[in-house]
Amino acid sequence: MTSAHAESVNGSLPHEPEKATLEGRNKVLGFWLFLGGESVLFGTLFATFLALRNQTNDGPTAHELFSLGTTAAATLILLVSSLTSVFAVQAMHRHKAASLRLWLIITVILGLGFLGLEVYEFHEYVTAEKFGMTTSAFSSAFYTLVGFHGAHVAFGVCWIGILIGQLYKKGLTVVTAPKVYVSAMYWHFIDVVWVFIFSVVYLLGKVG
């Protein structure tokens, strides 16, 4: 198979699920099922947090603990990264491989920035506020929910980073294009989850 044939079928790149190979379509379908399972899991963690958020065991409460400045900055960074992933998919639709790689690299950098702020936040809570994983039921629920989301962000950063390497090596083909689409779906999912975390954990905790 020539490179030109690998990147084009009937003159157009099948970068969307309905135009992709059967394997690519199956990957997208399977990933939707995966996101359904992840939604249930995060829903369980949210329910647990809401049930335990007032069980502070004489430790700091959410109102005393949270400072919205750092969290708002992290939220802005993650929302912008969602936008850059949209730009990456649009570049893929236009067959602009260089722009696609650039937007994915920016997405990874923003994801790392978000993780850096989250690590800084956790460090401040543990060292300055003496708010550790076992301080209270509230702290356990908080670190489980927010930390689990952070692990998803870290996984997404690694995934997109590997995908960037594949795009440099193999180019934009019927194999790599569905991977870009699926990774963008995943990144939007963790962004949406973070919006709920920011609202339910931080905003509700600060005002309530």
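Since we're looking at a predicted model, the values are computed, not measured.

Calculation criteria
Residues numbered from 1 in each chain as written. Predicted model: local features only at pLDDT ≥ 70, side-chain atom pairs only at ≥ 80, totals over all residues. Heavy atoms only, no water. Phe/Tyr/Trp six-rings, centres within 6.5 Å; stacked < 30°, edge-to-face > 60°. Helix = DSSP H or I, 4+ residues; strand = E, 2+ residues; numbered from the N terminus. Buried < 20%, exposed > 50% of the residue type's maximum accessible area, 1.4 Å probe, protein only. 1 Å grid on protein atoms, 1.4 Å probe; cavity = no way out; pocket = protein on both sides within 12 Å on 5 of 7 lines; lining within 4 Å. Points joined across faces, edges and corners; volume = space filled by probe spheres on them. Axes fitted to C-alpha atoms, helices over the stretch in contact; angles between N-to-C directions. Parallel < 35°, antiparallel > 145°, perpendicular 65-115°, else oblique. Left-handed = near helix turned anticlockwise from the far one by under 90°. Nonpolar A, V, L, I, M, F, W, Y, C, P; charged D, E, K, R; others polar.

Summed over all chains, the structure comprises 27 aromatic pairs. A ring pair is formed by Phe-42 and Phe-148, whose centres lie 5.3 Å apart and whose planes are at 50°; its orientation type is tilted. Pair noted here: Phe-42 is in helix α2 (residues 22-52) and Phe-148 is in helix α6 (residues 137-170), with a separation of 106 residues, a long-range link. Using a relative accessible area of 3% as the deciding quantity, one classes Phe-42 as buried. Residue class for Phe-148 comes out partly exposed when judged on its relative accessible area of 27%. Relative to Trp-194, the ring of Phe-114 lies with its centre 4.9 Å away and its plane at 85°, an arrangement referred to as edge-to-face. Taken as a pair, Phe-114 in helix α5 (residues 97-127) and Trp-194 in helix α7 (residues 176-207) lie far apart in primary sequence, 80 residues in all.

Inspection of the secondary structure puts Pro-178 in helix α7. Taking the relative accessible area as the measure of exposure, Pro-178 reaches 4% and is therefore buried. Pro-178 sits 153 residues away from Arg-25 along the chain, and the two C-alpha atoms are 7.8 Å apart.

Approximately 160 Å³ is the volume found for the largest pocket. Leu-65, Ser-67, Thr-70, Thr-71, Tyr-120, Glu-121, Glu-124, Tyr-125, Ala-128 and Glu-129 together form the lining of the largest pocket. Elements with a minimum of two residues in the lining of the largest pocket: α4 (68-93) and α5.

A word on the packing of α4 against α7. For any two helices packed against each other, one specifies the crossing angle of their axes together with the interaxial distance. The N-to-C vectors of α4 and α7 enclose an angle of 160°; their axes lie 10 Å apart at closest approach. The angle between α4 and α7 places the two elements in the roughly antiparallel class. In terms of crossing hand, the pair formed by α4 and α7 is left-handed. Residue classes in the contact of α4 with α7 are distributed as 17 nonpolar, 6 polar and 2 charged.

Purely geometric stuff here, so don't read any function into it on its own.
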